Every structure is written in structure tokens, then in C-alpha cells.
Amino acid sequence: MTDPKIIGILLVKDEDIFIESVVLNILEFCDEVFIAENYSHDRTFTILSELAEKYNKIRLARVSHPKESHEFIEEFAGTNTWVFGVDGDEIYDPAGLSKMRKLLHDGSFSEYWCIYGNVLNCKSIDITKGIAEGYLAPPSRSMTKLYNFSMVESWTDCPQRLHWGTLRFNNQVSDNPPRHRLYETLEWEQSYFRCLHAAFMQRSSLDINPKHPSRLNPSEILKLRSAHADKSYLKYFFRRVRAELGFDYKHKKYRSGPLVQKNITRFFEPLTTQ
């Protein structure tokens, strides 16, 4: 059996602080990286354009609706492909991903539909000192997204990439195929599939309040605008205030357990990607 293909898919908007590290750290892991850029106002598209010009495996396109990001990967349903969903605030350990790639090629996870890794949901990242502070998953929720598309017959109608929609598995797979939670057996220091999630940090140079507790993603921004356009002002007000006060899903899912500090030197070591 041939080695599986590994496809990265990003949906980003106003992410110019971390986006270069986000992309560079996954390049050697992925065979191709599709980036759906949702008309940022900061330097995100400029940075991505420069990277796309330098690295042939990057496929960059501007999208007006988050659902277009999923359409880039629908063609891989039923093929020997792992699809890796990455956000603009997710910085992966590139050395760990190198080991993960070998394991995927060896078929170590071929029986699983989805793999979840270790995460540090960050309040601060100090690259100079090599230290990040945040909340570990576990006990917080892991948001890593790595899917085995060989099990899929089709996956369509998603509001954004790899979210909900109409998912059909092939005849050889049950309706609830097994998922592998690596974080249940690996500690942060030993994990080879781990991510710095800048969930509670400034992500754009244009952010009005750098210390804002969390930020809306492209799909959430679209819902907010739709509520306003439909004159559903109560829904609009509720969604905005919930994020402003820190009562959104990010605080519920990504802020469990003690606040810890971890060494993150490996996440920002010089890369040799060609």
C-alpha cells in the first residue's frame, strides 16, 4: 500500500501575528497546504502570499464565505489521505510532526477516524525565553483536527472546513468509527502531536484591545453580521457580549485545570523546509 497523502487545510482571517509560524511549522508534515484566506484587514494575506511564492506546496485562495474552505478538501473523500485542519492561532511542534508523519506512513493509526493530540491553550507566549503559559488539554478539550479520509464516502455542506455538515462513511466503516486520543497516554513533554493554541492572546496587529479574552472566528463573525442584517438584535447583542465578557465556548472548553508554564523552545527552532 502506498503512503497516505497528508493535506493541510487552513481558514484564516486577521492572523498576522502568528500565521507565519503556523504555516512554516506544518510544511514538512504536509504534502500540500490549502489556505482559505477570508479577506483579512491586516497583513495576513501579504504574509501568506510571500510564503506561497516561496513554497510550492502552498495553495492560497481568498474566500468570501467560510464554507468554501471545506470545498477544497471534499475531493479527498474516499482516498488514502489524512486531512489536517489548522487555525491561524495553532502552532504545532514541527519536530514532533516529523515523527507523526512517519507513524501515519507506517499505518500506525489506519484503524482510526480521527486523532486528538496534546494542547496548551495559551495566555502568553515568550519566544525569547522559550516559555508559554496556559491551560493544558487534558483537562481542557483538545481541538486538534486530523482526519482519516480513507474512511469517508463523502463530507459536504459544512459551514466551515471539517465542521458538522453531511458526513457519510464508506460501507466498511461503522457510523461511529474509533477515535484515538493520544493525550490520554502521552504527557505534554513526551507528545509528538502537540499544539500551542493562542486562544487567549492577541492574534492580529489590528486588534483594538490586545488583552481581549478571546476572538470570534470567520464563521462566528458571519453569524454576527447575519444576525444584525436580519435585525435579530437580541441575538446579535447576546453573541457579542458573551465573547466580550469571557462567557463564550473558548473559556468553557479551553480553560480547565491549573495555569501552567511549559518550555516551547522546539516550537520556534530554525526550520530547514525547502
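See the structure printed just above.
Residues numbered from 1 in each chain as written. Predicted model: local features only at pLDDT ≥ 70, side-chain atom pairs only at ≥ 80, totals over all residues. Heavy atoms only, no water.

J.: Which residues make up the sheet that holds strand E13 (residues 194–197), and what values go with them?
T.: In space, the five strands of this open sheet follow the order E5-E13-E7-E8-E14, with mixed pairing throughout. At either margin of the open sheet sits one strand with a lone partner, and together these are strand E5 (90–92) and strand E14 (260–263). Averaged over all pairs of adjacent strands, the angle between strand axes in this sheet comes to 40 degrees, irrespective of strand direction. Inspection of the sheet shows strand E7 (residues 118–126) paired to strand E8 (residues 131–137) by seven bridges, in the antiparallel sense. Paired with Val119 across the bridge in E8 is Ala137. (Pairing = 2+ DSSP bridges. Helix = DSSP H or I, 4+ residues; strand = E, 2+ residues; numbered from the N terminus. Axes fitted to C-alpha atoms, helices over the stretch in contact; angles between N-to-C directions.)

J.: Tell me about the sheet that holds strand E2 (residues 32–37), and name the residues and values.
T.: Read from one edge of the open sheet, seven strands run E3-E2-E1-E4-E9-E6-E12, paired in mixed fashion. Sheet topology places strand E3 (58–62) and strand E12 (179–181) at the edges, where each strand pairs with a single neighbour. Strand-to-strand, the axes of this sheet are offset by a mean angle of 20 degrees, without reference to chain direction. Pairing analysis gives three bridges linking strand E6 (residues 114–116) to E12, with the strands arranged parallel. Across the sheet, Cys114 pairs through a bridge with Arg179, a residue of E12. Sheet strands touched by helix H2 (residues 44–54): strand E1 (5–12), E2 and E3. Its angle to E3, the strand with the most contacts, is close to 150 degrees. (Contact = heavy atoms within 4.5 Å.)

J.: With reference to specific residues and values, describe helix H4 (residues 94–105).
T.: Because each turn of an α-helix spans 3.6 residues, side chains separated by three or four positions in sequence point in the same direction. Taking 1.5 Å per residue, twelve residues should reach 16 Å; H4 reaches 17 Å between its end C-alpha atoms and fits that length. Within H4 the residues assigned to the buried category are Pro94, Gly96, Leu97, Met100, Arg101, Leu103 and Leu104. The arc that holds the buried residues of H4, viewed along the axis, is 165 degrees, so those residues lie on one side. Tucked inside the fold, the buried residues of H4 contact E1, strand E4 (81–87), E5, E6 and strand E9 (145–148). Within two residues after H4, Gly107 carries a phi angle of roughly 80 degrees, on the positive side. (Expected span 1.5 Å × (residues − 1). Buried < 20%, exposed > 50% of the residue type's maximum accessible area, 1.4 Å probe, protein only. Arc of directions from axis to C-beta.)

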